[in-house]
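# Coordinate inspection notes
What follows is the residue order along each chain.
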Amino acid sequence: MTEMTPVTQATTDATPVKTPTLPDAQTVTSVKHWTDRLFSFRVTRPQSLRFRSGEFVMIGLLGDNGKPLLRAYSIASPAWDEELEFYSIKVQDGPLTSKLQHIQPGDQIILRPKPVGTLVHDALLPGKRIWFFATGTGFAPFASLLREPATYENYDEVIVTHTCRDVAELEYGRKLIDELKADELMQELIGAENLNKIRYYPTTTREQSPKMGRITNLLQDGTVFSDLGIAPISAETDRAMVCGSLGFNQDIKQVLEDFGLVEGANSDPQHYVVEKAFVG
């Protein structure tokens, strides 16, 4: 496995060695490995960076050719956080993540401070319920939005669905929601009564768990609504954000449109939005 090349180094006789300079460098402050396929990390935040919770930026490392190797990563931390958090899959032969998974606190990564994305409140019309539909590391933008006060100001109910193959892959989201509800700072910032608006609905597709199945199927057969004791999705009341694999995005788009929802964008707010830049 190729380890990340240090940004600067020196020989034992203190003679400087020329190494590639990392552009737009930010320093890694912490790293946590959740499974052999998933990890999260936090980095310093550029003072000039302003973003809306739910947006993504380009991050990466220098490739073997000395040029930046970048990929789109949703920011998992909220817009008010002093650091930036990211949640990533490990692809053993991936050009970027085969290296990125080995970062340690003190290392540096490239971060292009130009946030964009469709998973923002401005891209949705007003509604009463907001659905966050995620698979795998697609939970990342919702980790940001769940810590954003506007989410609770805009909606009476916040329904979070997260579908993964195995139970361990749900841990990042489950732990975040549990800590969110128990955290005194978040209770003060958002309000304990608002945090009670969260309805968490995790499912697995391979390993046995309390709720098995693809969320698309569970929506289509009405299982989700009966489990949560709520009315089916309606364009009058429901808004949705989607982030997952390409196949999942396409499938759930069809499901939502069958319920009468219309896809929106920053320039045309509607009933639901999909993050097209993310695939994982």
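The present account deals with the structure reproduced in this document. Given the structure is predicted, the values throughout are model-derived calculations rather than measurements.

## Remarks on the side chain of serine 88
Topologically, serine 88 is positioned in strand β5 (residues 83-89). Overall, serine 88 belongs to the buried group, its relative accessible area being 1%. Side chain to side chain, serine 88 and tyrosine 73 meet in a polar contact 2.8 Å long.

## Here's the deal with the pairing of strand β8 (residues 157-164)
Across the eight residues that make up β8, a large majority, eight, are buried. A two-sided burial pattern is seen for β8, the buried positions comprising Glu157, Ile159, Thr161 and Thr163 on one face and Val158, Val160, His162 and Cys164 on the other. Across seven bridges, strand β7 (residues 129-135) lies against β8 in parallel orientation. Bridge pairing in β8 links threonine 135 to threonine 163. In the sheet, β8 pairs with strand β9 (residues 198-204) via seven bridges, with the strands oriented parallel.

## Topic: the nonpolar core
Phe132, Leu146 and Met241 are the most contacted members of the largest nonpolar core, which has 32 residues in total. When near neighbours in sequence (up to four residues on either side) are disregarded, leucine 146 contacts Phe132, Phe139, Tyr152, Val158, Val160, Leu176, Ile177, Leu180, Ile190 and Ile198. Membership of the second largest hydrophobic core comes to 21 residues, among which are Phe225, Leu228, Ala240 and Leu256.

Here is what the cut-offs are and how they apply
- Residues numbered from 1 in each chain as written.
- Predicted model: local features only at pLDDT ≥ 70, side-chain atom pairs only at ≥ 80, totals over all residues.
- Heavy atoms only, no water.
- Helix = DSSP H or I, 4+ residues; strand = E, 2+ residues; numbered from the N terminus.
- Buried < 20%, exposed > 50% of the residue type's maximum accessible area, 1.4 Å probe, protein only.
- Polar contact = N/O pair within 3.5 Å; in protein donor to acceptor, adjacent residues only side chain to side chain.
- Pairing = 2+ DSSP bridges.
- Core = buried A, V, L, I, M, F, W, Y, C linked by side-chain atoms within 4.5 Å.
- Contact = heavy atoms within 4.5 Å.

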